[in-house]
Amino acid sequence: MNLLGGRSESGGGGVIYDTMHLETLEERRRRHVSFWLVCIRTSCAYIALSMIVPTTWPYMQNLDPAARKTDAAWIISGMFIARIANNALLGPVLRLMSLRTLALLTSVMVMASYVMWALAYLVPSHPFYLLAASRAIDGLFGSDTVIGSVFVTRGTTSKERGPAMALLAGAAAAAYIPGAGATTLLSLLGPEGVTVGGYRFNMYTVAGITAFSVFLVTTVLLYFFFFDNEIAYQELELGLGGGGGGLGRRRADGVRSNYVGIATCIMVMCSVGCILLFNDSLLVPMFMDMNGWPEERAVRTYGFLMMGFSLVSTTMFVVTAKLANRFGERSLLLAGSVVGFLGFFVSLPWGSEMPPTVAPLPDTIGTNATEALSGAAVMANTTESAQVPLGCPPEQSWCATVPRIYLSQYVTELVLHGIAVALLASMCNALFSKCLSPGSEGFWWGLMKAMANISRLVTPVAFSYLYQYAGPRAMYGTLSSLMAAVLTVTLVSYRRLVSAPGRKDEETPLLAESRSRQVSGSETPCMARSSEYGSSDPPEHLQLSSDCGGSDPPEQLEYHSAGRADQPPEAEIESDDEQTLINSHGR
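Residues numbered from 1 in each chain as written. Predicted model: local features only at pLDDT ≥ 70, side-chain atom pairs only at ≥ 80, totals over all residues. Heavy atoms only, no water.

1. Description of empty space enclosed by the protein
Within the structure shown, the criterion is met by six cavities of 30 Å³ or more. For the second largest cavity, the calculated volume is near 60 Å³. For the lining of the second largest cavity, the secondary-structure elements that each account for two or more residues are helix 2 (56–63), helix 3 (69–96) and helix 12 (259–291). Ranked by the residues each element gives to the lining of the second largest cavity, the list is headed by helix 3, at four residues. (1 Å grid on protein atoms, 1.4 Å probe; cavity = no way out; pocket = protein on both sides within 12 Å on 5 of 7 lines; lining within 4 Å. Points joined across faces, edges and corners; volume = space filled by probe spheres on them. Helix = DSSP H or I, 4+ residues; strand = E, 2+ residues; numbered from the N terminus.)

Written as structure tokens, this is what we have:
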């Protein structure tokens, strides 16, 4: 069974598979191993991030009790500032080195960033700069998703590409389950931890050590088993018949991008980045303020909730393809916008109970003695390690006027956002690819990723300031308004979320015949490839004679003697009517 969507069966002449005219059986196996290693690397990257990013604020507070929430927000945002530079540099870098070399180099640099994270205790005078440098290095070199997307674009056929992209996205979504679980287990160490040889092993440093270890194992696997593959280029050459001009080029020149659809999809993808980074960067501080919890309990609760979020999101990624076939991509995008809006709306403070305060605020003295005594009691309940008072700090003046947010509201929000992220991300990518004209894909995909990273850059900083100085009601109100704007734009542009004018995602007759070939018991060993391709004869649909009882080949297919020795002969299609537009997943 081929998990990438092809067929592989045993016939009279050996193993028969869909891509036997493009690769040998050993090349096929090596290509699939490389793909699964890319998925594993992507999962490991998100596991590490889910252990590091949520603990940034309590880690900063543990290192420096005078630190502010906005300091942690800038550390997180620094990673996405560097990620924008990463997106801009990735194209030129790939012209200078292979994808395998780039994957190994970035893995080593990401490991160095996690070592810096774990060693922050050794630089007590300037922990902010070491943590910020760690996140900046991770952002500049942690191009795991992009590397995975590039490999899928190059190393899969057009039939395999859709399932492969879905598996890659599922690998990233599923990573939150073990990542959040590891965060929960590490919280048992507490902020004090155990000191061995002068080094403190606590819930923060062990998270950095664990992330380093995960990447070390992944890097070793990449070194021995990961190899570049360019089967998509081989398929493209076969589909073009070595031409590159004619009707296919004229059709490409006549297709215009759907700019309304492009703008809508970019806006939706920015909202997805906002949802993810908001949960990663602000939930733990809010747990500590709203409930008066110590940092280890807040991190542990966050871990359990994010495991549920990941489970819901992964399940939705699995069923989204079937839902799209039944209801359509635009309908699911609209549904995801509605669910995303509801996720923020239900989190607005609705109750009457106030959060516990660190100390009685000036306007509470003499007017609310009960709350004042409650605040003093919470102040006395401090951790033994950092002696940080628990509850809503006095510099946040809204603590006396804004009700607390209950745990049930957080649970509801994460369930709704788990559904929304899966619907919005998958449907947005599908619609976005259809809105592009051939030849413009690189620019628009790069712009979309850059805008998504800007959204992830702005979210933790902007909403940390809004939360600290205006409170959760203003913050969730703003987020609800932003999602309402996304919903409105999606409704207005609903009829324009269609393929680019004049675009036809077709297949050449040669590729269509290759992909639709069925293996039956009556087929003879003549289906096997020639020794040049790993067996005795070329595939039946590429044979130029009917020696095995098959019909003569189409007259319009002529093989060129020129070409690479390790590639199958190219088929040239003489009739312009049989040349089609190569879809966006080609070169």
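2. Let's talk about the side chain of Arg83
Relative to the elements of secondary structure, Arg83 occurs in helix 3. Asp138 provides the closest opposite charge to the buried, unpaired Arg83, separated from it by 4.4 Å. For Arg83, the side chain forms a polar contact with the main-chain oxygen of Gly139, separated by 3.0 Å. (Buried < 20%, exposed > 50% of the residue type's maximum accessible area, 1.4 Å probe, protein only. Lys, Arg positive; Asp, Glu negative; His and termini not counted. Salt bridge = Lys/Arg side-chain N within 4 Å of Asp/Glu carboxyl O. Polar contact = N/O pair within 3.5 Å; in protein donor to acceptor, adjacent residues only side chain to side chain.)

3. Comments concerning the pattern of salt bridges
The final tally for this structure, using the stated rule, is four salt bridges. Among the ionic pairs, Asp71 bridges to Arg68, the shortest N-O distance being 3.7 Å. Taking relative accessible area as the criterion, Arg68 reaches 46% and is therefore assigned partly exposed. The partner of Glu353 in a salt bridge is Arg404, and the shortest N-O contact between them spans 3.2 Å. Highlighted residues: Glu353 in the loop between helix 14 (329–345) and helix 15 (369–380) and Arg404 in the loop between helix 15 and helix 16 (407–434), separated in sequence by 51 residues. Take Glu353: its relative accessible area is 39%, and that puts it in the partly exposed class.

4. Here we look at the packing of helix 14 against helix 18 (residues 472–492)
Relative to each other, helix 14 and helix 18 sit at 165°, their axes nearing to 8 Å. As judged from the angle between their axes, helix 14 and helix 18 are roughly antiparallel. When the axes of helix 14 and helix 18 are compared, the crossing they make is left-handed. Side by side, helix 14 and helix 18 meet where Leu333, Leu334, Ser337, Val338, Gly340, Phe341, Phe344 and Phe345 of the first sit next to Tyr476, Leu479, Ser480, Met483, Ala484, Val486, Leu487, Thr490 and Leu491 of the second. Grouping the constituent residues of the contact of helix 14 with helix 18 by class yields 13 nonpolar, four polar and no charged. (Axes fitted to C-alpha atoms, helices over the stretch in contact; angles between N-to-C directions. Parallel < 35°, antiparallel > 145°, perpendicular 65-115°, else oblique. Left-handed = near helix turned anticlockwise from the far one by under 90°. Contact = heavy atoms within 4.5 Å. Nonpolar A, V, L, I, M, F, W, Y, C, P; charged D, E, K, R; others polar.)

5. Structural notes on the nonpolar core
Generally speaking, nonpolar side chains in soluble globular proteins are found buried as a group. In this structure, Met286, Tyr410, Met475 and Tyr476 are the most contacted members of the largest nonpolar core, which totals 104 residues. For this core, the leading source of residues is helix 12, giving 19 residues. Not counting the four nearest positions on each side in its chain, Met286 is found in contact with Phe278, Asn291, Ile405, Tyr410, Tyr467, Met475 and Tyr476. Residues Ala103, Ile147, Ala164 and Leu222 belong to the second largest nonpolar core, which totals 20 residues. (Core = buried A, V, L, I, M, F, W, Y, C linked by side-chain atoms within 4.5 Å.)

6. Overview of the packing of aromatic side chains
Summed over all chains, the structure comprises 19 aromatic pairs. Geometrically, the ring pair formed by Phe344 and Tyr476 is tilted, given 6.4 Å between the ring centres and 50° between the ring planes. Of this pair, Phe344 sits in helix 14 while Tyr476 sits in helix 18, and the two are 132 residues apart along the sequence. Each member of the pair Phe344 and Tyr476 is classed as buried. Grouped by ring-pair contacts, the aromatic residues Tyr59, Trp117, Tyr121 and Tyr204 constitute a single cluster. When the ring centre of Phe227 is taken as origin, the NZ or CZ atom of Arg30, which lies over that ring, is 4.9 Å away. (Phe/Tyr/Trp six-rings, centres within 6.5 Å; stacked < 30°, edge-to-face > 60°. Lys NZ or Arg CZ within 6 Å of the ring centre and 35° of its normal.)

7. Regarding the environment of Pro460
Relative to the helices and strands, Pro460 resides in helix 17 (residues 441–470). The spatial distance from the C-alpha of Pro460 to the C-alpha of Thr70 is 8.4 Å, given a sequence separation of 390 residues. Setting aside its immediate chain neighbours within four residues, Pro460 contacts Ala73, Ile76, Ser77, Leu277 and Ser281.

8. Let's talk about a nonpolar patch on the surface
Residues Val33, Leu216, Val217, Val220, Leu221, Tyr223, Phe224 and Phe225 make up a contiguous nonpolar surface patch of about 730 Å² in total accessible area. Its location among the elements puts Tyr223 in helix 9 (residues 205–225). (Patch = residues over 30% accessible without salt bridge, like charges linked within 9 Å, V, L, I, M, F, W, Y side chains within 5 Å. Areas by Shrake-Rupley, 256 points an atom, 1.4 Å probe, with all protein chains shown as cover.)

9. Looking at the state of the cysteines
When the sulfur atoms of two cysteines share a covalent bond, that bond is a disulfide. Counting across every chain of the model gives one disulfide. Disulfide pairing places Cys392 opposite Cys399 at an S-S distance of 1.8 Å. Taking the sign of the S-S torsion, -60° for the link of Cys392 and Cys399, the bridge is left-handed. The exposure class of Cys392 is buried, given its relative accessible area of 1%. Taking the relative accessible area as the measure of exposure, Cys399 reaches 1% and is therefore buried. Here Cys274 stays free of any disulfide, with the sulfur of Cys270 as its closest cysteine sulfur at 9.3 Å. A relative accessible area of 9% places Cys274 in the buried class. (Disulfide = S-S within 2.5 Å.)

10. Details of the confidence of the model for the protein
Per-residue confidence for the protein averages 74 on the pLDDT scale, and 71% of its residues sit at or above 70. Here residues 240–254 is modelled with pLDDT under 50, and outside its nearest four sequence neighbours on either side it reaches 28 contacts, counting other chains as well. (pLDDT = per-residue confidence, 0-100.)

11. Quick look at the environment of Ala263
Take Ala263: it is sitting in helix 12. Owing to a relative accessible area of 46%, Ala263 belongs among the partly exposed residues under this scheme.

12. What about the environment of Ala420?
Inspection of the secondary structure assignment puts Ala420 in helix 16. Exposure remark for Ala420: the relative accessible area of 0% places this residue in the buried category. In this structure, the C-alpha to C-alpha distance between Ala420 and Leu332, residues 88 residues apart in sequence, is 9.5 Å. Those residues in contact with Ala420 that sit more than four places away from it in its chain are Gly336, Val339 and Gly340.

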